[in-house]
Amino acid sequence: MNSTETMQPFLDKKDGYVVAVVGATGAVGETMLEILAERKFPISDIIPVASSRSAGSEITFNGKDYTVQDLAIFDPTGVDIALFSAGGGTSKAYAPKFAEAGCYVVDNSSAWRMDEDIALVVPEVNPHALEMARENHIIANPNCSTIQMVVALKPLHDTVPIERVVVSTYQAVSGAGGKAMEELAKQTAALLNGEEPEIDVFPARIAFNVIPHIDVFMDDGYTKEERKMMDETCKILESDIAVTATTVRVPVFYSHSESVNITFSGQMSANQARDLLADAEGICVVDDPSGEDYPLASEASGSDSVWVGRIRDDKSYPNSLHLWVVADNVRKGAALNAVQIAEILIRQP
């Protein structure tokens, strides 16, 4: 039985739902709209919403044009579900207003993730956390790098509890937005033409480089991105798992890659892990060293799966494994996860 089948419905059954996409003109918002259409989400009305800069422009959904509404003056009355991807400050200011109007908000920013009263949800991992949202109607999407890792950890942790995770990420520039992707393209072109590249978005040149610095540094020497992975993993899985992270930006446009070292409370072989992962929801195992076959960022881009490979025993420490985990950070790391949560909200037993 699917873990969501015993849950009571969140919304009354209807032929179609009113869905607002807040931040509809951004990369994640556009992908949310694409995925809603691809997965044939039952919609009676789609309402694109954005800041005043984008208000009045048009987007196309299922072959029909819609005018983008101004968030500052938009009335959320009658909206069933709002998918937010408009930044933490915007979410803090407007998500409660949507929730007070009776709308379920699925927020992609970091604004609500570590609020103890807000559900932090990955549908393949902890769908029952959604029960928290019946009162406040706000649900948080985890950080993109956290999502793909916990999807891979979940089937293993359910079989043999995990004690410790050490993760190093190799994160695509799309995680920093459209200007970051533009900077990588321009710097690459400049260097190939023997010109000096301009540095604006990142703290150092990203083209032909690797930057061990994502988000701001904190007092303990970790970056905020690293702290997000550490704290969110414990909130989603178990509070007593020891997690440490190093997050790194690499010159790739889409898809985050992660080297994950896991220590279990008991024996877990690479072969057992491979079988568990192959049977798990949302995971595609690509792991054939003899054929030099393993997950690549270029192949994961545009995919809805979390790709796992390089599954091997850690010879240096007992009850430990290595994994290589790759996923499209804009799709599964943001837009798809939000739509999957919305699908649970409308699911009937």
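Here we summarise the structure given alongside this text.

**A few points about the overall build of the protein**
In step 1: Counting its regular elements, the protein contains 9 helices and 15 strands.
In step 2: For 349 residues, the compact-globule estimate of 2.2 N^0.38 gives 20 Å, and the protein sits close to it at 20 Å.
In step 3: Over its C-alpha atoms, taken along the principal directions, the protein stretches across nearly 60 × 60 × 40 Å.
In step 4: Within the protein, the fraction of its 349 residues that count as buried is 52%.
In step 5: When contacts within the protein are restricted to residue pairs at least 6 apart in sequence, long-range pairs at least 24 apart make up 67% of them.
In step 6: Within the structure as shown, the protein displays about 15500 Å² of accessible surface, and the carbon and sulfur contribution to it stands at 47%.
In step 7: The distance from the centre of the 27 positive side-chain charges to the centre of the 51 negative ones in the protein is 1 Å.

**Description of the packing of aromatic side chains**
In step 1: In this structure the tally under the stated criterion is 4 aromatic pairs.
In step 2: Where Phe10 meets Tyr104, the ring centres are 5.9 Å apart and the plane angle is 90°; that geometry is what we call edge-to-face. Of this pair, Phe10 sits in the segment before β1 (17–22) while Tyr104 is found in strand β7 (residues 104–107), placing the two residues 94 residues apart along the sequence.
In step 3: Following the ring pairs from residue to residue traces out a cluster consisting of Phe74, Phe84 and Phe98.
In step 4: Across from the ring centre of Trp112, 4.0 Å away, lies the NZ or CZ of Lys92, which sits over that ring.
In step 5: Of note, Arg227 hangs over the ring of Tyr222, and the distance from its end group to the ring centre comes to 5.8 Å.

**So, the environment of Val105**
In step 1: Relative to the helices and strands, Val105 resides in strand β7.
In step 2: On the accessibility criterion, Val105 (0% relative accessible area) is buried.
In step 3: In the structure, Val105 is positioned 202 residues away from Trp307 in sequence and 28 Å away in space, judged by C-alpha atoms.
In step 4: Apart from residues no more than four positions distant in its own chain, Val105 is found in contact with Ala82, Phe84, Ala95, Phe98, Ala99, His137, Ile138 and Ile139.

**With respect to the pattern of salt bridges**
Side chains that differ in charge, positive against negative, can pair when their charged atoms come close.
In step 1: One pass over the full model with this rule turns up 14 salt bridges.
In step 2: Glu38 is paired through a salt bridge with Arg331; the nearest N and O atoms lie 2.9 Å apart. Taken together, the positions of Glu38 in helix α1 (residues 27–38) and Arg331 in helix α9 (residues 331–345) put the pair 293 residues apart, joining distant regions of the chain.
In step 3: Among the residues examined, Glu38 registers a relative accessible area of 46% and is labelled partly exposed.
In step 4: Residue classification places Arg331 among the buried positions, given a relative accessible area of 9%.
In step 5: In this structure, Lys332 engages Glu124 in a salt bridge whose closest nitrogen and oxygen atoms are separated by 2.9 Å. Of the two residues, Lys332 sits in helix α9 while Glu124 sits in the loop between β8 (119–120) and α3 (133–136), which places them 208 residues apart along the sequence.
In step 6: When salt bridges that share partners are traced, they join Glu38, Asp304 and Arg331 into one network.

**Quick look at the pairing of strand β2 (residues 43–50)**
In step 1: Bridging between β1 and β2 involves 6 bridges; their strand directions are parallel. Within the sheet, the bridge partner assigned to Val19 lies in β2 and is Ile46.

**Concerning the side chain of Ser91**
In step 1: Relative to the elements of secondary structure, Ser91 occurs in helix α2 (residues 88–100).
In step 2: Contact partners of Ser91, with chain neighbours within four places excluded, come to Phe84, Pro96, Asp107, Ser109, Ala111 and Trp112.

**Here's the deal with the nonpolar core**
In step 1: Membership of the largest hydrophobic core comes to 57 residues, with the highest contact counts inside it found for Phe98, Val260, Val308 and Leu323.
In step 2: Top contributing element to this core by residue count: helix α4 (residues 144–159), with 7 residues.
In step 3: Setting aside residues up to four positions removed in sequence, Val260 forms contacts with Met149, Leu153, Val165, Val166, Val167, Leu321, His322, Leu323 and Val325.
In step 4: Residues Ala50, Tyr66, Val330 and Val339 belong to the second largest nonpolar core, which totals 40 residues.

**As for α4**
In step 1: Its axis deflected by about 35° at Leu153, α4 carries its strongest bend there, up to four residues before the proline Pro155.
In step 2: Burial analysis of α4 places 13 of its 16 residues in the buried class, the great majority of the element.

**Description of the sheet that holds β8**
Each strand in a sheet pairs with another by means of backbone hydrogen bonds, the pair being arranged parallel or else antiparallel.
In step 1: In space, the 7 strands of this open sheet follow the order β5-β2-β1-β6-β7-β9-β8, with parallel pairing throughout. Across the chains shown, the open sheet's two edge strands, defined by having one partner strand only, are β5 (69–70) and β8.
In step 2: Pairing of strand β6 (residues 81–84) with β7 involves 4 bridges; the strand directions are parallel. Residue pairing for β7: Phe84 is matched across the bridge by Asp107.
In step 3: Where α2 meets the sheet, it contacts β1, β6, β7 and β9 (138–140), and its direction lies at approximately 170° from that of β6.

Each value, and the rule that gives it
- Within each chain, residues carry numbers counting from 1 in the order of the written sequence.
- Side-chain atom pairs in this predicted model are given and counted only at pLDDT of 80 or more, local residue features only at pLDDT of at least 70, and totals for whole chains, interfaces and linings cover all residues.
- Note that water and hydrogens are dropped before the side-chain values are worked out from all heavy atoms of the structure.
- A run of H or I in DSSP counts as a helix once it spans at least four residues, and a run of E counts as a strand once it spans at least two, with each numbered from the N terminus.
- The quantity called the radius of gyration is restricted to C-alpha atoms. Its globule counterpart is 2.2 Å times the number of residues to the power 0.38.
- Only protein chains enter the accessibility calculation, which uses a 1.4 Å probe. A residue is then buried if its area is under 20% of the maximum for its type, exposed if over 50%, and partly exposed in between.
- Any two residues having at least one pair of non-hydrogen atoms within 4.5 Å are treated as being in contact.
- The accessible surface values rely on the Shrake-Rupley method and a 1.4 Å probe; as for residues, cover is taken only from the protein chains in view.
- In this count, Lys and Arg are taken as positive residues and Asp and Glu as negative ones, while His and the chain termini are left out.
- For the purpose of locating charges, the reference atoms are NZ of Lys, CZ of Arg, CG of Asp and CD of Glu.
- Only rings of Phe, Tyr and Trp enter the pairing, Trp through its six-membered ring, and a pair is recorded when the two centres are within 6.5 Å. The plane angle decides the type: under 30 degrees is stacked, over 60 is edge-to-face, the rest tilted.
- A positively charged side chain is recorded as over a ring if its NZ (Lys) or CZ (Arg) lies within 6 Å of the ring centre. The angle to the ring normal must also be within 35 degrees.
- A pairing counts as a salt bridge when a side-chain nitrogen of Lys or Arg comes within 4 Å of a carboxyl oxygen of Asp or Glu.
- Two strands are said to pair when DSSP picks up at least two bridges between them.
- Here, nonpolar core refers to any group of buried Ala, Val, Leu, Ile, Met, Phe, Trp, Tyr and Cys residues whose side-chain atoms link them within 4.5 Å.
- The bend at a residue is defined as the angle formed between two axes, one fitted to the seven residues ending at that residue and one fitted to the seven starting there.
- With axes taken as lines fitted to C-alpha atoms, and helix axes fitted only over the stretch in contact, angles between N-to-C directions fall between 0 and 180 degrees.

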